[in-house]
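Chain by chain, the residues:
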Amino acid sequence: SGWLKIYDDGSVDRTWSGPDQFKFMAEPAPPHEQFIDGVAIRDVAVTHGGGQSGHHVRLYLPEIKPEDSQKLPIVLHFHGGGFCISEPDWFMYYQVYTRFARSTRSIVVSPFLRRAPEHRLPAAIDDGFDTLLWLQTVARSGSLEPWLEQHGDFNRVFLIGDSSGGNSVHEVAARAGSADLSPVRVAGAIPVHPGFVRSNRSRSEMEMPQTPFLTLDMLDKFLALALPVGATKDHPFTCPMGEAAPPLEGLKLPPVLLCVAEMDFVRDTEMEYYEAMKKANKDVELYVSKGMTHSFYLNKIAVDMDPNVSAQTDALISRIKEFIEKH
């Protein structure tokens, strides 16, 4: 669907080959350590576990205001892209997460996750959890990252991720529940339009519209490339509410805000996850963006041109801000 080509020799080409008007959204936005529109950005190499160099993260720091008497919550963001495409420095994420950091008054930490097919799952999930371990290292030693040391509240770390990043939110939250991360505390988890699916097509997959951000072709091919060899969509990474997954009752999870788009074709299976979480007596809230499709807020063209998409983006960020402030 314009996003990815794989050649016979195994090499991968992620040059955008779809409609030209979308190309700018998949181009990198450079970091800037000075404040622009109230946010500064830097890219940092992650090290933990005895100084082993891992991956890179992008940090978003909102301009500190006199009324910021307390330290700022830290939001750990996992990018989407079916585990196969996109990077945290893409313009479509830059334009959302600069605004997000400014609006929610939080420091955003967005790791560059390894991608399939070169790195099948659980690589991206491992990178997400490793970033949480890195936050623990920073919290304990302080000297690794001055923005976080000076301004971050390690007692209020939130996980957020869109699309496949929402799958990572669930998996990383589940791992965090069985680990000693002190002094880091995962205070909440926010899967946004997560790619929760089953092998059998849901009704919404067959009836809802496809968009440049998600088609059935992308869903099927990306997951075939990303899941462990031989796995189906019933794997716990894509179906955490299914029979093959660890029982939700046994997981120690933080409060969850599940964000769903009404016209998203994975909506039905997302709602299965919500119902399964409620049945397991988990602290889960649901927020639905009326009339919207998958990852609608990443489409800057629609956000700029369509007042309804713009208003729904405002409302989504406001609801997430409310959740962060509550916890």
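To be clear, the structure that these remarks concern was listed above.
Residues numbered from 1 in each chain as written. Predicted model: local features only at pLDDT ≥ 70, side-chain atom pairs only at ≥ 80, totals over all residues. Heavy atoms only, no water.

This part is about the overall build of the chain. A count of helical and extended segments in the chain gives 9 helices and 11 strands. Its C-alpha atoms give the chain a radius of gyration of 19 Å, within 12% of the compact-globule value 20 Å for 327 residues. Judged by the C-alpha coordinates and their principal axes, the chain covers about 50 × 45 × 45 Å. Burial analysis of the chain (327 residues in total) assigns 57% to the buried set. Approximately 13,600 Å² of the chain is accessible, and the part contributed by carbon and sulfur atoms is 51%. Side chains of the chain give 32 positive and 43 negative charges; the mean places of these two sets differ by 3 Å. (Helix = DSSP H or I, 4+ residues; strand = E, 2+ residues; numbered from the N terminus. Rg over C-alpha atoms; globule rule 2.2 N^0.38 Å. Buried < 20%, exposed > 50% of the residue type's maximum accessible area, 1.4 Å probe, protein only. Areas by Shrake-Rupley, 256 points an atom, 1.4 Å probe, with all protein chains shown as cover. Lys, Arg positive; Asp, Glu negative; His and termini not counted. Charge placed at Lys NZ, Arg CZ, Asp CG, Glu CD.)

In this structure the tally under the stated criterion is 0 disulfides. Residue cysteine 84 stays outside any disulfide, its sulfur separated by 19 Å from that of cysteine 239, the closest cysteine. Relative accessible area serves as the criterion here: at 1%, cysteine 239 is assigned to the buried category. (Disulfide = S-S within 2.5 Å.)

Looking now at the pairing of strand E8 (residues 152-162). Burial analysis of E8 places 10 of its 11 residues in the buried class, which makes it a mostly covered element. Pairing of E8 with strand E9 (residues 186-192), which is carried by 6 bridges, proceeds in the parallel orientation. Bridge assignment links aspartate 162 to a residue of E9, and that residue is valine 192. With respect to chirality, the unit in which E8 leads through helix H4 (residues 164-176) into the neighbouring parallel E9 is right-handed. (Pairing = 2+ DSSP bridges. Right-handed = clockwise from strand over helix to strand, strands pointing away.)

With that settled, the discussion passes to the packing of helix H1 (residues 91-104) against helix H9 (residues 307-326). Orientation of H1 relative to H9, taken along the N-to-C sense of each, is 50°, at an axis distance of 10 Å. When the axis of H1 is compared with that of H9, the two are oblique. Of the two elements, H1 crosses H9, and the hand of that crossing is right-handed. Across the interface between the two elements, Arg99, Phe100, Ser103 and Thr104 from H1 touch Ser310, Thr313, Asp314, Ile317, Ile320, Lys321 and Ile324 from H9. Grouping the constituent residues of the contact of H1 with H9 by class yields 4 nonpolar, 4 polar and 3 charged. (Axes fitted to C-alpha atoms, helices over the stretch in contact; angles between N-to-C directions. Parallel < 35°, antiparallel > 145°, perpendicular 65-115°, else oblique. Left-handed = near helix turned anticlockwise from the far one by under 90°. Contact = heavy atoms within 4.5 Å. Nonpolar A, V, L, I, M, F, W, Y, C, P; charged D, E, K, R; others polar.)

Attention now goes to the packing of aromatic side chains. Think of a pair of aromatic rings as described by two things: how far the centres are apart, and how the planes are tilted against each other in angle. Scanning all chains against the criterion turns up 9 aromatic pairs. Ring geometry for phenylalanine 24 and phenylalanine 91: centres 5.7 Å apart, planes at 50°, overall tilted. You can see phenylalanine 24 sitting in the loop between strand E2 (12-13) and strand E3 (32-36) and its partner phenylalanine 91 sitting in helix H1, a full 67 residues away along the chain. Here phenylalanine 24 falls in the partly exposed class, since its relative accessible area comes to 31%. (Phe/Tyr/Trp six-rings, centres within 6.5 Å; stacked < 30°, edge-to-face > 60°.)

Our focus in this paragraph is the pattern of salt bridges. Following the criterion strictly, the structure yields 22 salt bridges and no others. We note a salt bridge from arginine 319 to glutamate 285, for which the minimum N-O separation is 2.3 Å. With arginine 319 in helix H9 and glutamate 285 in strand E11 (residues 284-289), this pair connects stretches of sequence that are 34 residues apart. Like glutamate 285, arginine 319 is buried. Between glutamate 325 and lysine 321 there is a salt bridge, with its nearest N and O atoms 4.0 Å apart. Of this pair, glutamate 325 and lysine 321 are both found in helix H9, 4 residues apart, which corresponds to roughly one turn of the helix. Assessed through its relative accessible area of 29%, lysine 321 is described here as partly exposed. A single salt-bridge network, built from bridges that share partners, covers Arg201, Glu205, Asp220 and Lys233. (Salt bridge = Lys/Arg side-chain N within 4 Å of Asp/Glu carboxyl O.)

As a further point, take the packing of helix H2 (residues 123-141) against H4. For any two helices packed against each other, one specifies the inter-axial angle together with the distance between the axes. H4 packs onto H2 with a crossing angle of 50° between their chain directions and a minimal axis gap of 9 Å. Considering their axes alone, H2 and H4 lie oblique with respect to each other. As H2 packs across H4, the resulting crossing turns out to be right-handed. Residues Ile125, Asp126, Gly128, Phe129 and Leu132 of H2 touch H4, and the partners they reach there are Ser168, Glu171, Val172, Arg175 and Ala176. Residues that form the contact of H2 with H4 fall into these classes: 5 nonpolar, 2 polar and 3 charged.

A few words on the environment of histidine 294. Position of histidine 294 among the secondary structure elements: in the loop between E11 and helix H8 (300-305). Residues histidine 294 and alanine 280 lie 14 residues apart in sequence; the distance between their C-alpha atoms is 26 Å. If we skip the residues at most four places from it in the chain, histidine 294 touches Ser163, His193, Thr211, Phe213, Leu214, Ala261, Asp264 and Val266. Among the polar contacts made by the side chain of histidine 294, one reaches the side chain of serine 163 at a distance of 2.8 Å. (Polar contact = N/O pair within 3.5 Å; in protein donor to acceptor, adjacent residues only side chain to side chain.)

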